[in-house]
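Below are the chains, spelled out letter by letter.
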Amino acid sequence: MRKRYKKKFKKSFRFGDLIFLYLFFIFSLFFYLNLYYFTLPIILLFIFIPFYFYYYFIFITILFLLLFYFYYYFIIFLHDMTYIHVNPMDNKNGEIIVSIQSQVFDGFCGNNVGTFVLRRRGHIPKILNTVQYYSKYKHIGAEISNDTLKNIINEFCKDILFADNSSNTNNHTTTVITATSTTNTNQISFLTGYMKTYDCVDIVMNAIVELKKKKKIENIITNNENIEKIQNKEKEQVELLIENIINLNYFWICDPVMGDNGRVYVDSDVVKAYTKATTYADIITPNQFELELLSNTKINNEKDVIKSIDQLLNNGSKIIIVTSVRYSFDASNLYLYVGFYNNNKKLICFKFKIPRCDIDICGTGDLFTSLLLSFILKQKGNILKIISKVLNIMQVSN
Ligand SMILES: Nc1ncnc2c1ncn2[C@@H]1O[C@H](COP(=O)(O)OP(=O)(O)O)[C@@H](O)[C@H]1O
Ligand code: PXP
């Protein structure tokens, strides 16, 4: 009687099924708790040890562990493909980025966009907010005072020069710039965006120019002789290398934010300040409206764009990137132009065609400049490739 019952029980009670249910439950629990990193295989190993006397449980356990490891490394692989892994405190390359832009309470523009993008891509920008507004559309709030601006910038310049001196004399006793005291403080880049007043642009510009002078930064590093020796095709390539157009150890990307589509959102005399800045900025990134203001030329066709770019380059800037031009005869596209002088002072100009979305997106210019800065620092090389990479990220589908 007992034997028969036992047999019946054995047939109906599928122990394997129960174990599978149990495994499924444990896995779901761990995945639900996001505990799928290193601890899980070890925990699972201990959970399955009691079942080891069943050979197929051993098999299942090993299978699960293997699957898990594949899954784990696959996640890491995907993560590596998508993001740049950095320790935020790891500033070994000594780069210093100063981002001087607006700050808004609501929405995405200025430093809200710029510093987010830079940090996400592994940089550690130093951040100065020129204004604190409610939003890009409601300029309610406050502008930084001239004194505060001067104080902060002067302090920064002092720190940079102090770090230089202390690294020259090997004296590292006290320094405010913790990450830079032992590194190359020549690797400085400035990114400037929204500035409301003439004084604000002027103070920032003077500080950058002054620092450049004190650090004896040479503007151009192109070696004529080397370029002449290279054959024609390669010569063209060399002309496109960003390191041959600007000094990558110290440069200023100036986005002359003044307005768009005929609307001005800064003081009227800011245009004068930016015109002065075109003498000193390495890269200027105006949109069509800003290019018109800076060159005092109405843009109707490509000739006008090229003439205006030439005019700004003549002032002293090294690269002009006109981020968007819209022609009346082509409503479905925007055009980006990049212009610079080659070694023989001949104007080189390229254009990129961008499919236009029929929406007014906020902060695109700020996204563009921060990505541009990041790609210049990380990738260097051919300027057209750098811009293509930036535009690939900017691209949005209709
Ligand atoms: N309507 C749009 N459709 C597609 N891309 C856009 C659009 N507006 C902006 N962009 C992208 O953003 C970049 C910068 O935009 P732009 O409007 O020139 O900047 P700003 O904010 O300085 O006016 C462009 O080069 C383009 O890649
Ligand atoms: C406060 C503020 N208003 C307006 C703008 C202009 O935005 P956009 O360049 O996208 O037209 C900006 C861009 O930095 C900004 O910071």
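Residues numbered from 1 in each chain as written. Chains lettered and ligands numbered in written order. Predicted model: local features only at pLDDT ≥ 70, side-chain atom pairs only at ≥ 80, totals over all residues. Heavy atoms only, no water.

**Q** Would you mind going over the site of ligand 2 in detail, with residue names and values included?
**A** As a structural note, the neighbourhood of ligand 2 is formed by S102, C109, G110, Y133, K136, H139, Y194, V257, Y265, G363 and D366. G363 is positioned such that a nitrogen or oxygen atom in its backbone is 3.2 Å from an oxygen atom of ligand 2. In isolation ligand 2 has 390 Å² of accessible area, and contact with the protein removes 96% of it. Here the shell around ligand 2 is composed, by residue class, of five nonpolar, four polar and two charged. (Near = heavy atom within 4 Å. Polar contact = N/O pair within 3.5 Å; in protein donor to acceptor, adjacent residues only side chain to side chain. Areas by Shrake-Rupley, 256 points an atom, 1.4 Å probe, with all protein chains shown as cover. Nonpolar A, V, L, I, M, F, W, Y, C, P; charged D, E, K, R; others polar.)

**Q** Any details on the pairing of strand β10 (residues 330–341)? Residues and values, ideally.
**A** Most of β10 sits out of view: nine of its 12 residues are buried. With six bridges joining them, strand β9 (residues 319–327) and β10 adopt antiparallel strand pairing. Its bridge partner being in β10, I320 is matched across the sheet by G339. Once β9 ends, the chain turns through two residues before running back antiparallel as β10. In terms of strand pairing, β10 meets strand β11 (residues 347–355) through nine bridges, oriented antiparallel. Paired with Y335 across the strands is K353, a residue of β11. Counted along the chain from β10 to the antiparallel partner β11, the turn is five residues long, and its residue K345 has a positive phi close to 60°. (Buried < 20%, exposed > 50% of the residue type's maximum accessible area, 1.4 Å probe, protein only. Helix = DSSP H or I, 4+ residues; strand = E, 2+ residues; numbered from the N terminus. Pairing = 2+ DSSP bridges.)

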